[in-house]
Amino acid sequence: MYEAIIFDLDGTLLDTSKDICENLNKTFKNFSLPKISLERTLEYVGDGARKLIERAVGQKDPEFIEKVYKDFTNRYAKSDNNLTRLYPNESEVLQNFKNAGIKLAILTNKPQGATERVFAKFLADFGFSIVLGQTEYRPLKPNPSSVFEILEKFEVERGDCLFVGDGEPDIETAKNAGLDCASVLWGFRSRKQLEEAGGNLFVSSFSELEKIVNF
């Protein structure tokens, strides 16, 4: 059994896709930019809010990108997250992990403010003791430094910790840190995309994840 689990957030613990898209389009309207679809939004997420904005805006003017980025991050940090949802069986499985004494952490490229807000609304009762999002002081995934920080605080070895995520940066982060990685198939990427990124362990439900953790 794994002693610790590090989870990605968007597309792994929470389906935040509709809230991200809604807030992105509110920002775009503020800058007279064309509306973006949910499908296109999902193509652009995973590498932090700035990369999302750069990809979605599609132009290279740094000053304009910065204005759009600040508007989006401020707006999303204050979002009520009414369109965000947990995944099926998630509550039960997370509670089981908590009851079993498994150490739980979140590591996401989502801005820290938005991370803390959505965490408080949906995940605060499940025993997560470390919640790390994007700040100017913390390298984004796939840099493994935050993983090492979590392992040190948890006092667990790499082989006793599982990384769980839905995207390419999660696979690369786990590889860079020397952790096993379970790629979830309910998130923002297809199995083909995850396989092409090097994924080799896949779960299609939280119940399947529980079996892997307890193996």
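These remarks concern the structure in this document. Quantities reported herein were computed from a predicted structural model and do not represent experimental measurements.

Further remarks concern the pattern of salt bridges. Enumeration over the complete set of coordinates arrives at 14 salt bridges. The salt bridge partner of Arg189 is Glu168, with a shortest N-O separation of 2.9 Å. Placement of the pair is Arg189 in the loop between strand S5 (180-184) and helix H9 (191-196) and Glu168 in helix H8 (residues 168-177), with a sequence separation of 21 residues. Note on Arg189: relative accessible area 12%, which makes it buried. Exposure remark for Glu168: the relative accessible area of 27% places this residue in the partly exposed category.

What follows is about the side chain of Arg138. Structurally, Arg138 is set in the loop between strand S3 (128-134) and helix H7 (145-154). Among buried Asp, Glu, Lys and Arg side chains, Arg138 stands out as unpaired, with Glu149 the closest opposite charge at 4.7 Å. From its side chain, Arg138 meets the backbone oxygen of Gly133 in a polar contact 2.5 Å long. Setting aside residues no more than four positions away along its own chain, Arg138 makes contact with Gln112, Leu132, Gly133 and Ser146.

Bringing the nonpolar core into the picture now. One broad rule of soluble globular proteins: the nonpolar side chains tend to lie buried together. Ranked by internal contacts, the top residues of the largest apolar core, which has 49 residues, are Phe7, Leu13, Phe97, Leu123, Phe128 and Leu209. Looking at which element gives the most residues to this core, the answer is helix H4 (residues 62-77), with six residues. With residues up to four places along the chain from it excluded, the contact list for Leu209 reads Phe7, Phe97, Leu162, Val164, Ala182 and Val203. Listed in part, the 20 residues of the second largest apolar core include Ala105, Val147, Cys161 and Ala177.

Going from Lys141 to Pro142, the amide bond is cis rather than trans, its omega being 15°. Looking at the secondary structure, you find Pro142 in the loop between S3 and H7. With a phi close to 65°, Asn89 is a non-glycine residue in the positive phi region. Note on Asn89: relative accessible area 42%, which makes it partly exposed.

This next bit is on the packing of aromatic side chains. Evaluated as defined, the whole model comprises six aromatic pairs. Plain terms: the ring middles of Phe72 and Tyr76 are 5.7 Å apart, the flat faces sit at 20° to each other, and that makes the pair stacked. Of this pair, Phe72 and Tyr76 both sit in helix H4, four residues apart, which is roughly one turn of that helix. The same class applies to Phe72 and to Tyr76, which are both buried.

A few words now on the sheet that holds S3. In spatial order, the strands read S3-S2-S1-S4-S5-S6; together these six strands make up an open sheet with parallel pairing. With partners counted over all chains shown, the strands left at the sheet margins are S3 and strand S6 (202-203), one partner each. The strands touched by helix H6 (residues 112-122) within the sheet are strand S2 (103-111) and S3, with S2 carrying the most contacts at an inclination of about 135°.

All right, on to the environment of Leu38 then. Relative to the elements of secondary structure, Leu38 occurs in helix H2 (residues 38-44). A residue is classified by how much of its surface remains accessible, and Leu38, at 26% relative accessible area, is partly exposed. For Leu38 and Val68, which are 30 residues apart along the polypeptide, the C-alpha to C-alpha distance reads 18 Å. With residues up to four places along the chain from it excluded, the contact list for Leu38 reads Ser17, Lys18 and Cys21.

Bringing a positive patch on the surface into the picture now. A cluster of basic side chains, namely Lys18, Arg85, Arg117 and Lys121, defines a positive patch on the protein surface. Mapped onto the secondary structure, Lys121 falls in helix H6. What makes Lys121 partly exposed here is its relative accessible area of 44%.

Definitions and limits used
- Position labels on residues start from 1 in each chain and follow its written sequence.
- Given that the model is predicted, a residue must reach a pLDDT of at least 70 before its local features are reported, and side-chain atom pairs must reach 80 or more before they are shown or counted; all residues, however, enter totals for whole chains, interfaces and linings.
- With hydrogens and water stripped out, all remaining heavy atoms of the structure feed into the side-chain values.
- Salt bridges are identified by distance alone: a Lys or Arg side-chain nitrogen within 4 Å of an Asp or Glu carboxyl oxygen.
- We count a stretch as a helix when DSSP gives it H or I for four or more residues in a row; a strand needs E for two or more, and each element gets its number in order from the N terminus.
- Under the scheme applied here, a residue whose accessible area is under 20% of the maximum for its type counts as buried, over 50% as exposed, and between as partly exposed, the area being computed with a 1.4 Å probe on protein chains only.
- His residues and chain termini do not enter the charge count, which takes Lys and Arg as positive and Asp and Glu as negative.
- Polar contact is the term for a pair of N or O atoms within 3.5 Å; when the atoms are in protein, one must be able to donate a hydrogen and the other to accept it, and sequence-neighboring residues count only if both atoms are side-chain atoms.
- Note on definitions: a residue-residue contact is assigned when non-hydrogen atoms from the two residues lie within 4.5 Å.
- Residues enter a nonpolar core if they are buried and are Ala, Val, Leu, Ile, Met, Phe, Trp, Tyr or Cys, with the set joined through side-chain atoms within 4.5 Å.
- Pairs were defined over the aromatic rings of Phe, Tyr and Trp, the Trp ring being its six-membered one, requiring ring centres within 6.5 Å. Orientation was assigned from the angle between planes: stacked under 30 degrees, edge-to-face over 60, tilted for the rest.
- A pair of strands counts as paired when DSSP detects no fewer than two bridges linking them.
- Comment: axis = line fitted to C-alpha atoms, over the contacting stretch for helices; angle = value between 0 and 180 degrees taken between N-to-C directions.
- Exposure above 30% relative accessible area and the lack of any salt bridge qualify a residue for a patch; like charges then connect within 9 Å, and the nonpolar side chains Val, Leu, Ile, Met, Phe, Trp and Tyr within 5 Å.
- To measure how exposed things are, a 1.4 Å probe is used in the Shrake-Rupley method; for residues, cover is taken only from the protein chains shown.
- Where a charge lies is defined by one atom per residue type: Lys uses NZ, Arg uses CZ, Asp uses CG and Glu uses CD.

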